[in-house]
Amino acid sequence: MVELHGGTPDDGRLLRLVSRVTELHGLLAGLAGPLPLDEMTAAYADAAVARHSASPARRIVPATAVGASGLAQLLPADPYTSWAAAVLDPLTPDHRHLLTMWLRTGSIPCTATALGLSPGTVRTRLRELGRLLRTDLADAGVRAHLLLALRAPAPGADTPVQAGRVSLRVLPYGILDTRAARTWAAGLLDGLDAHLRIALACWLRHHAKTAPAAELHVHRTTLTLWLA
């Protein structure tokens, strides 16, 4: 994590310096993109995810290289932005900021620390947001779709916004059925053995809990190790 002062854009010197340090000391690193200071916790989480893909052959991995935010840039603009605008319409900017922090860190305590709130207050506000959005925020699919909605570009003045209630359980028809989206998904899962893909799908289907270990006929500790 590097903070630039004086408004001078980085011309690559800092990254080259960090690269030399990682080579000299045999370090591996994840790199998160520029973010506002109050999203430092989220940036750290993004960098931590990217670091897991680093190797001696590629010591610094940017978060976008592991799909942290790349998918949103590949979706067809009109149906995606109009759907996202309709989904987020009931929310205030403060609502959106809290949801972004929570979804990106995956942690109520981290969200509470970043926003200067108590964990209990964050839990209460998330319950309120679930009622406001008329959806179950514990559902892994809903969380993924909500994060996509929060990362959507702002709709243009001539972009039609969907009327009526919009579901967070399904995406607009066809926006993932593109060559670009399939290539992104294939790259994200490349290298995972079949048993890991099955375990991951089962874990997500059960709202990101390790309880389905019995369904996979493995010990919960084994499932935890596979997920790690």
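Residues numbered from 1 in each chain as written. Predicted model: local features only at pLDDT ≥ 70, side-chain atom pairs only at ≥ 80, totals over all residues. Heavy atoms only, no water.

**Some points on the overall build of the chain**
Alright, step 1. Each helix and strand counted, the chain has ten helices and two strands in total.
Alright, step 2. Contacts in the chain between residues at least 24 apart in sequence constitute 63% of all its contacts with a sequence separation of at least 6. (Helix = DSSP H or I, 4+ residues; strand = E, 2+ residues; numbered from the N terminus. Contact = heavy atoms within 4.5 Å.)

**Things to note about the nonpolar core**
Alright, step 1. The biggest cluster of nonpolar side chains holds 33 residues, and the ones touching the most others in it are Trp83, Val87, Leu99, Leu126, Leu137 and Leu146.
Alright, step 2. Looking at this core, the elements that each hand over two or more residues are helix 3 (77–88), helix 4 (93–105), helix 5 (108–115), helix 6 (119–133) and helix 7 (140–150).
Alright, step 3. Residues contacting Leu146, with those up to four places away along its chain left out, are Val87, Leu88, Leu99, Leu103, Leu133, Leu137 and Leu168.
Alright, step 4. Counting residues in hydrophobic clusters, the runner-up holds five residues, among them Ala199, Ala213, Leu216 and Leu223. (Core = buried A, V, L, I, M, F, W, Y, C linked by side-chain atoms within 4.5 Å. Buried < 20%, exposed > 50% of the residue type's maximum accessible area, 1.4 Å probe, protein only.)

**Quick look at the pattern of salt bridges**
Alright, step 1. This model, assessed by the stated rule, comprises three salt bridges.
Alright, step 2. Among the salt bridges present, the one from Asp139 reaches Arg169, with a minimum N-O distance of 3.2 Å. Highlighted residues: Asp139 in the loop between helix 6 and helix 7 and Arg169 in the loop between helix 7 and helix 8 (179–189), separated in sequence by 30 residues.
Alright, step 3. On the accessibility criterion, Asp139 (16% relative accessible area) is buried.
Alright, step 4. The partner of Asp177 in a salt bridge is Arg182, and the shortest N-O contact between them spans 2.7 Å.
Alright, step 5. For Arg182, a relative accessible area of 46% puts it in the partly exposed group. (Salt bridge = Lys/Arg side-chain N within 4 Å of Asp/Glu carboxyl O.)

**Let's talk about the environment of Leu204**
Alright, step 1. Looking at the secondary structure, you find Leu204 in helix 9 (residues 194–205).
Alright, step 2. Accessibility expressed as a relative area gives 41% for Leu204, which makes it partly exposed.
Alright, step 3. Through-space distance from the C-alpha of Leu204 to that of Gly141 is 7.8 Å; in sequence the pair is 63 residues apart.

**Details of the packing of helix 9 against helix 10 (residues 220–227)**
Alright, step 1. Packing of helix 9 against helix 10 brings their axes to within 10 Å, and their N-to-C directions diverge by 105°. Considering the angle they form, helix 9 stands roughly perpendicular to helix 10. Mapping the contact onto sequence places His195, Leu196, Ala199, Leu200 and Trp203 in helix 9 and Leu223, Trp226 and Leu227 in helix 10.
Alright, step 2. Tallied by class, residues from the contact of helix 9 with helix 10 come to seven nonpolar, one polar and no charged. (Axes fitted to C-alpha atoms, helices over the stretch in contact; angles between N-to-C directions. Parallel < 35°, antiparallel > 145°, perpendicular 65-115°, else oblique. Nonpolar A, V, L, I, M, F, W, Y, C, P; charged D, E, K, R; others polar.)

**Remarks on the environment of Trp226**
Alright, step 1. For Trp226, the location among the structural elements is in helix 10.
Alright, step 2. A sequence separation of 26 residues divides Trp226 from Leu200, and the C-alpha atoms of the two residues are 8.6 Å apart.
Alright, step 3. Discounting residues that sit within four places of it in the chain, Trp226 has contacts with His195, Leu196, Ala199 and Val218.

**A word on the confidence of the model for the chain**
Alright, step 1. Per-residue pLDDT for the chain averages 81, and the proportion of residues at 70 or more is 84%.
Alright, step 2. Mean pLDDT per element in the chain: helix 2 (residues 40–51) is the minimum at 74, and helix 6 is the maximum at 95. (pLDDT = per-residue confidence, 0-100.)

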